[in-house]
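Summary of the model geometry
Below are the chains, spelled out letter by letter.
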Amino acid sequence: MIDELQASKSCYFFRQKAPLKAVAIDTLFRAIRKAQTSPSNNIFSLTRQSHGVAFWSALCFQFDRTPPFLPGSEDVIDRVTGYLLIVEHRDYVAIFKSQLEVPAYFSKRYLQRIGAQDVDRGLTSKDSVFARVRLRHMTLSRFALRSKTLEGENLQNNVGMASSARFAPLGYSFIEADENFSTTPRTGRISLRADRAGYQELVDYACGIIDRLHPRPGRPSSSPFLAAFARSLDLSDLTASPVQFAVDTAILGQAIFDDKIIRLVKHDGGGYRELLKAEVDPILSELTDILTVTKNAHGKLLLTQSVTGLEVGEISINKTRIALKRLTQPLLTDVYVENTQFALGTDNDRALLKQFIDKQDTFIVLFDQTRFAYLDGSLYLDDSLINGGNQFLGYLFGNAELAAVTDEKGTFTAAHRAFDRDSTFGAVLSTIAPDDDVIVCDDLGDEWADFIGFRTDPSSPRVTFYHAKHGELTLGASAFHVSVSQAIKNLGNLALPVPAMNKKFIRWGRFYTNNRVRTSIPRTCRGTHADSRSAVEFCRNAPHTFKRVAIVTSSLSKAAVEQTFRDIQAGHTASPYFVQLYWLLSSFFAACTEVGAFGCVICQE
């Protein structure tokens, strides 16, 4: 019956971790059959048949399966036919399959994922023509454009690459030597658009792809089109040693306090109790400590407190991820994480906080080579951190008045006719937005930004969303998570959508109220109410309107950022939190570029 097999040229490629022998294939086939309900006799079953220098194995049988749309039915059964074709060649394994899955034990013991770079370099070249690419945005914000798909006749000719460095390709379709391929590098799936083929032709196809994937001296780099995008690296490409570790407490705090998607709990008699904010804050504070990574005599990567040298944990660099094996800081004892979609104490999948941090990859690892950073569960390479950060600094604008700011919004009374000058709100109106003819305050409620500025110069119209914040000077990302999330979430409103404007005009015609205090501050802070209507109409309709999104903050100093880049360039290790700040703001700038806007940070000088 194997001669009757006709299947598409689409399969998954892996490196072979351990030698495959006939007994391993026979054991695999028995395990696959055992996992199915009412398996029939094998339609075909062949083990390690030779094909030139390659070997192939195949299995096919029928079994019962409950229809997915009738999960509770016992009387309605689908009779399904599944097949598996395994090709072994040059220490690689290719798997064609339909309706059958390879068990986890087999994958763990014998299969290793192929690096994305190997797929790119093996299959593409400077002559490849890309018709489709699926991209992932390298951002930590849940409000950012997380992924996008581009399609066209030849994407290299009609895709703007301004923000490409912040996107990583997840999959793509391309033409190489008149053959149409599609691939998902991170899963190892590679397909060729062609007629269905018999088993011998499928084996030939797998061997041909493996020959291209196999490392060879002088192999050219991948397509210049792919090289323009940011690339996550396989850990096997890591050439540096870890030196620092930090838990991403900003993301944890946001999940607990802002998004309220998780809660921290402890045992309480026979059940659990939720920790109060006064109990959570010290835990997050303890987790904020930057830990030093040192290798002991046995090769283990230990986490130690920088000041005391006390060992508090351990990480390990595996083939596919960095794992947090142990974290024994005192306040973490008996602290669990629950999903808030379940009632308190009813989440059966609750996990210790340490396990949650590991499972969710909520940590950062830095290395003795600064261009590497491990965050969000992936390894990234960024040489801009060591070349002086000139492009990054171009998005930062210093303002002297922000050094005197003591509060974000200031105080409010019924007599207030303007925002306090020593507040970030006051600074926006006094020196930060001098070129705007009209400024409205959109703070609170359904706000798009704290302030919206309009420049109605016919030669250079501009709309600016100002997100104003205040805080202690820092080089970390925690002060920016909320403002970046808010800014990215409202990028679409830069178009000043007509259906939303009537409510906005009514709102902008009122006086500002905060914490139940109705002030005498008009929400139209500069210009008249009629001017705001005209400005919106003009800027919306002008095809050359420049769109800008500015995070205005007193918590960052441009000079401090410049000095940090100089220190990095001189060979010093950057703080994990500065690296996180760099990635967060870079993602914000790129997200703005994606919608045709310019993102920037206005901060202390």
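Use the structure listed above.
Residues numbered from 1 in each chain as written. Predicted model: local features only at pLDDT ≥ 70, side-chain atom pairs only at ≥ 80, totals over all residues. Heavy atoms only, no water.

This brings us to the overall build of the chain. When you go through the chain residue by residue, the secondary structure sums to 16 helices and 33 strands. Considering only C-alpha atoms, the chain reaches an extent of 90 × 60 × 60 Å along its principal axes. Expressed as a percentage of the 605 residues in the chain, the buried residues total 51%. Considering only contacts in the chain between residues 6 or more positions apart, those separated by 24 or more positions represent 68%. As displayed, the chain has an accessible area near 28000 Å², and 49% of this comes from carbon and sulfur atoms. Counting 68 positive and 66 negative side-chain charges, the chain places the averaged centre of each group 2 Å from the other. (Helix = DSSP H or I, 4+ residues; strand = E, 2+ residues; numbered from the N terminus. Buried < 20%, exposed > 50% of the residue type's maximum accessible area, 1.4 Å probe, protein only. Contact = heavy atoms within 4.5 Å. Areas by Shrake-Rupley, 256 points an atom, 1.4 Å probe, with all protein chains shown as cover. Lys, Arg positive; Asp, Glu negative; His and termini not counted. Charge placed at Lys NZ, Arg CZ, Asp CG, Glu CD.)

Closest axis-to-axis distance for the helix α13 (residues 498-508)/helix α14 (residues 529-541) pair is 10 Å, and the angle between their directions is 155 degrees. Our classification of the angle between α13 and α14 gives roughly antiparallel. Here α13 runs over α14; the crossing is right-handed. Contact with α13, carried on its side by Val-498, Met-501, Phe-505 and Trp-508, involves His-529, Ser-532, Arg-533, Val-536 and Arg-540 of α14 and no other residues of that element. Grouping the constituent residues of the contact of α13 with α14 by class yields five nonpolar, two polar and two charged. (Axes fitted to C-alpha atoms, helices over the stretch in contact; angles between N-to-C directions. Parallel < 35°, antiparallel > 145°, perpendicular 65-115°, else oblique. Left-handed = near helix turned anticlockwise from the far one by under 90°. Nonpolar A, V, L, I, M, F, W, Y, C, P; charged D, E, K, R; others polar.)

Where strands meet in a sheet, backbone hydrogen bonds hold them as pairs that are either parallel or antiparallel. Spatially, the four strands line up as an open sheet ordered β15-β14-β20-β21, and their pairing is antiparallel. The strands lining the two open edges of the sheet, one partner per strand, are β15 (271-274) and β21 (351-352). Where strand β20 (residues 336-339) meets β21, two bridges bridge the pair, whose relative direction is antiparallel. The partner of Val-337 across the bridge, within β21, is Ala-351. (Pairing = 2+ DSSP bridges.)

When strand β14 (residues 262-268) meets β15, the two strands line up antiparallel, connected through four bridges. Paired with His-267 across the strands is Tyr-272, a residue of β15.

Attention shifts here to the environment of Phe-130. Here Phe-130 lies in strand β7 (residues 129-137). Of the residues examined, Phe-130 reaches a relative accessible area of 1% and is grouped as buried. The sequence separation of Phe-130 and Ser-587 amounts to 457 residues, and the corresponding C-alpha distance is 25 Å. Setting aside chain neighbours within four positions, we find Phe-130 in contact with Thr-124, Gly-152, Glu-153, Asn-154, Leu-155, Tyr-172, Ser-173, Phe-174, Ser-223, Phe-225 and Leu-226.

Moving on to the state of the cysteines. Per the counting criterion, the structure on display carries zero disulfides. Looking at the unpaired Cys-539, the closest cysteine sulfur is the one in Cys-600, lying at 16 Å. Judged by its relative accessible area of 4%, Cys-539 falls in the buried class. Of all cysteine sulfurs in the structure, the one in Cys-600 sits closest to Cys-603, which takes part in no disulfide; the separation is 9.7 Å. For Cys-603, a relative accessible area of 0% corresponds to the buried category. (Disulfide = S-S within 2.5 Å.)

This part covers α13. All buried positions along α13 are accounted for by Met-501, Lys-504, Phe-505, Arg-507 and Trp-508. What you see down the axis of α13 is that its buried residues fit within an arc of 155 degrees, all on one side. Facing away from the buried side of α13, by more than 90 degrees, are the exposed residues Pro-499, Asn-502 and Lys-503. Where α13 is buried, its residues touch β26 (438-441), β27 (451-455), β31 (524-526) and α14. (Arc of directions from axis to C-beta.)

Strands sit in the order β25-β33-β32-β28-β27-β26-β31 across an open sheet of seven strands; the sheet is mixed. In this open sheet, the two edge strands, each paired with only one partner strand, are β25 (396-398) and β31. Neighbour to neighbour, the strand axes of the sheet diverge by 25 degrees on average, direction disregarded. Across two bridges, β26 lies against β31 in antiparallel orientation. Counted as the bridge partner of Ile-439 is Arg-526 from β31.

Take the pattern of salt bridges next. Tallying each qualifying case throughout the model produces 23 salt bridges. Here Arg-15 makes a salt bridge to Asp-118, at a shortest N to O gap of 2.8 Å. Here the residue Arg-15 occupies a position in strand β1 (residues 10-16), and Asp-118 occupies one in helix α3 (residues 116-123), the gap between them amounting to 103 residues. The exposure class assigned to Arg-15 is partly exposed, which follows from its relative accessible area of 24%. Among the residues examined, Asp-118 registers a relative accessible area of 17% and is labelled buried. Residues participating in the shared-partner salt-bridge network are Glu-311, Glu-314, Lys-325 and Arg-326. (Salt bridge = Lys/Arg side-chain N within 4 Å of Asp/Glu carboxyl O.)

On to the nonpolar core. Soluble globular proteins tend to bury their nonpolar side chains together. In terms of nonpolar packing, the biggest core is built from 52 residues, with Ile-452, Phe-454, Phe-480, Phe-588 and Val-601 touching the most fellow members. With 11 residues, helix α16 (residues 576-594) is the largest single contributor of residues to this core. In this view, Ile-452 contacts Val-438, Ile-439, Val-440, Asp-442, Val-463, Thr-464, Phe-465 and Trp-508; residues no more than four positions away in its chain are not counted. One finds Cys-11, Ala-94, Ile-190 and Phe-229 within the second-largest nonpolar core, a separate group that totals 43 residues. (Core = buried A, V, L, I, M, F, W, Y, C linked by side-chain atoms within 4.5 Å.)

All right, on to unusual backbone geometry then. Its identity as a non-glycine residue notwithstanding, Ala-177 has a phi of 55 degrees, on the positive side. Among the secondary structure elements, Ala-177 is positioned in the loop between β9 (167-176) and β10 (179-184). Its identity is not glycine, yet Lys-260 carries a phi of approximately 55 degrees, on the positive side. A residue is classified by how much of its surface remains accessible, and Lys-260, at 54% relative accessible area, is exposed.

The analysis is restricted to geometry; functional conclusions fall outside its scope.
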